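Breakdown of the fold
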Amino acid sequence: MKNQKVYRTGIVSIIFLAGLLGWSWAAQDSPAKPTEQVASICLQIEQGQFDQAHKAIQAISPATPESQFLGTVVGNYISLQQQLVGQRQSIYQTQTQKLFELLERSDPNRSDKEVLDRLLKAYEYAENETQKKDLLHHQKVKLFLEGIHSKSKTLYEQEKLVEAMNGYAYLRLFEPQDAFLAQVTEEAEAFRIVSGGLRKSICRDVARFDTIRPEVFLEVLKTLDTGYVTPLDYRQMAQKALQRCLMLGLVFRENNTEFMFTADSKQVDDWCLEIELLMEKLRGEKNALTPQQFEGYFQSVLTHNQNTLKLPAGVIVEHYADASLAALDPYTNIVWPDKVADFEKGMTGKFSGVGIQLAREDKYIKAVSIIPDSPAWKSEILAGDLIVAVNGQSTQDVPIDCVVKQISGPKDSQVTLTIQRGQGQPMDIQLTRGEVVVPAVQGTVRSNGDAAGNQWDYLLNTELGIGYIQVQSFTEGISKKTEDILSQLEQKKLHGLILDLRGDGGGLLNEAAELAGLFLDQGTVVASRDRKGQAAVWSAKGKGKKRQYPIVILMDSGTASAAEIVAGALGCKLYDRAILVGSRSYGKGSVQEIIQGKWDGCELKFTTAFYYLPDGSPVQNRYMAKRENRTDWGITPTVEVDLKSGEIKSLLEFRQKLSEKAGPDIQHGDLFAADPQLSAAVTVLKARMLRQGQISLSAPASSPAPPEPAAQTPQPTPK
């Protein structure tokens, strides 16, 4: 049940100095419950009602150790939020000012994209819906957007889809519910897929299409006809497949010279005409399409190709199959032979290579990060280096997937990378490939006591015993790894835990059930139900008996699949085992099965069931919700804290520096206020710890310590 959409969020901690405001506190093993009034305020904090809680705290007279503690915790968080709101409004004002300066210009060199980027940034940082509405309805903005719409429409009618999408993509951000813009977006994505798959490349062999045979697709259909989670809608599948085939013709019309195959204008026109006739025939079908009728359309397309485009049959099979299965859901697909290695790499987190995560940097490829304990980690290569050649072959303008294939290879084989660092001279580094394991668990910062820099520190606050574990994917063994970390922390008197599942795209269902079961005494963790209504249940095994400390789970739109199972199970009201903080999860809600070694090296991943939380409620599927024009997919956090794109980017960059072997020597206190979501999580966790009697407060000291200096939230640079 893998849905890989991973990014790494930033990590911070809120550290209050011992003796702050004259009061000291520590975690304790013997619970001392707070008063009913304080417990009520703690509950407000746990529900994200920070302002109300702050007012209630100020009303307590005389002040008590508990009210002082809560006042400090909540006051710090509110102060942080006020800074953040101020910074967002500052960005909004800056962007709107520059936007209107651009709109005033009649300079022919002013690009529409420049104006749209300014508008989008201002729109994102608007304080509320009213401010957004006022911005879009400003006369100058309105006239500009009408012009973009008119230009895009003209290009679309001329079948210049890529150029049209340059404008339509922005318009959809302002009108996400517009059906036409959604359709254009889908068409543009199909155009990108088709053109990308046909484009010439040094790492793409035409022979790959020889292994993509019609018989494989027909066998897959038989498996899906009985095993897919719902009865197949063959009409919808045929419609999407024919639309993709028509797009194949449109792509050839627009750009033929850069492709592995060629076709003249008559061949393309004849192909498009035949596909349009098939589409018209499909629209005329009165009843539901049968499997035999669907296969008939498939065979007709193959025949038309032989008479017109004359492409290898594998090209047609790949696009017809991929598009028809995508009509079922985004998670059901055939993994063709040349993509199996990358697919399994994502599933297992293991591969043979050197351990460098790459990204495009202008004309060359950049080493974004180095995977710990990999061959690259043990070499001179650092994050930020440009890889300008592989085995003497330049990477200039070479597709990134080709560079990945050049660098990857069998274990113990060698590869030479030519890197350039800054303005220095390029240098060759020879590496011996080995097995690379992508870390699935991270802590706060690298442990200073580890000479290799491989070990993470999983304690966020030593005095209070607050732990932090970030699970990045649910690969095999992740639950055991997490259990081992918990055991280490529990020996150090762990009294509260933050489990960070942000950006965790999921993985293996059994690993999710095992991990959630670490914190539950008994009962259902998750259940799945297939097409026939048959249920499978995963239950807790009693491992949570010794783990009664409070938990806060961090989540965001990248929290998906197996990660949603953990968040949903521990956060459901039936158990109330964890408080969920962050933003709405991705909304996968379904279970996939993988069939390997059956069809000429192909693998099939398909949806077999929907899963349900312990209270019987489903995780609403994002795909189905969007089709019904709903936005209630996934799991909703108890305490909602959303981030802007610029803030997420800053956190990603900050977190990346912490992960690198040559990164800065940063202590927990230096991370204060870098992450609004984690700041909220720590605030909420401390309130629950106090309510459950796990924080001991002492009398005021004779000489109060000075308050901790206010930390500054990193501000994204306006672009």
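Use the structure listed above.
Small disclaimer: the values here were computed from a predicted structure and weren't measured.

A separate point is the overall build of the protein chain. Helix and strand counts for the protein chain come out as 21 helices and 24 strands. Sorting the 719 residues of the protein chain into buried and exposed places 50% on the buried side. When contacts within the protein chain are restricted to residue pairs at least 6 apart in sequence, long-range pairs at least 24 apart make up 74% of them. Of the roughly 32400 Å² that the protein chain leaves accessible, carbon and sulfur atoms contribute 50%.

What follows concerns the packing of aromatic side chains. Overall, the coordinates contain 13 aromatic pairs when judged by the stated rule. Aromatic side chains Y168 and F180 sit 5.4 Å apart centroid to centroid with 80 degrees between the ring planes, which places their arrangement in the edge-to-face category. Of this pair, Y168 sits in helix α7 (residues 161-174) while F180 sits in helix α8 (residues 179-198), placing them 12 residues apart in sequence. According to the relative accessible area criterion, F180 is partly exposed, its value standing at 30%. Note on F217 and F294: the rings are 6.2 Å apart at their centroids and 65 degrees apart in plane angle, and the pair reads as edge-to-face. Separated by 77 residues along the polypeptide, F217 in helix α9 (residues 214-227) and F294 in helix α12 (residues 291-307) bring together distant segments of the chain. Owing to a relative accessible area of 0%, F217 belongs among the buried residues under this scheme. Against the face of F351 rests K345, its NZ or CZ located 4.6 Å from the ring centre. Lying over the aromatic face of Y612, R529 brings its terminal NZ or CZ to 4.2 Å of the ring centre.

In terms of nonpolar packing, the biggest core is built from 89 residues, with F217 and Y320 touching the most fellow members. When residues of this core are assigned to their parent elements, the largest contribution, 12 residues, is made by helix α10 (residues 234-254). Residue contacts for Y320: discarding those within four places in its chain leaves F217, A238, A241, L242, C245, F294, Y297, F298 and V301.

Going from S61 to P62, the amide bond is cis rather than trans, its omega being 0 degrees. Its identity is not glycine, yet D412 carries a phi of approximately 75 degrees, on the positive side. Within the element layout of this structure, D412 appears in the loop between α15 (400-407) and β8 (414-420). Phi is positive for S561, which is not a glycine, with a value near 55 degrees.

Moving on: the side chain of S195. Among the structural elements, S195 can be located in helix α8. Given the relative accessible area of 7%, S195 is considered buried. Only 2.9 Å separates the side chain of S195 from the backbone oxygen of F191, close enough to count as a polar contact. Setting aside residues no more than four positions away along its own chain, S195 makes contact with V251 and F259.

Structurally, L282 is set in helix α11 (residues 265-283). Judged by its relative accessible area of 5%, L282 falls in the buried class.

Below, the discussion takes up the environment of S645. Looking at the element boundaries, S645 is found in helix α20 (residues 645-659). Residue S645 is classed as partly exposed on the basis of its relative accessible area of 36%. Distance from S645 to K121, taken between C-alpha atoms, is 9.0 Å for residues 524 residues apart in sequence. In this structure, S645 is in contact with K121 and E124, ignoring residues within four places of it in sequence.

Cut-offs and rules
Residues numbered from 1 in each chain as written. Predicted model: local features only at pLDDT ≥ 70, side-chain atom pairs only at ≥ 80, totals over all residues. Heavy atoms only, no water. Helix = DSSP H or I, 4+ residues; strand = E, 2+ residues; numbered from the N terminus. Buried < 20%, exposed > 50% of the residue type's maximum accessible area, 1.4 Å probe, protein only. Contact = heavy atoms within 4.5 Å. Areas by Shrake-Rupley, 256 points an atom, 1.4 Å probe, with all protein chains shown as cover. Phe/Tyr/Trp six-rings, centres within 6.5 Å; stacked < 30°, edge-to-face > 60°. Lys NZ or Arg CZ within 6 Å of the ring centre and 35° of its normal. Core = buried A, V, L, I, M, F, W, Y, C linked by side-chain atoms within 4.5 Å. Polar contact = N/O pair within 3.5 Å; in protein donor to acceptor, adjacent residues only side chain to side chain.

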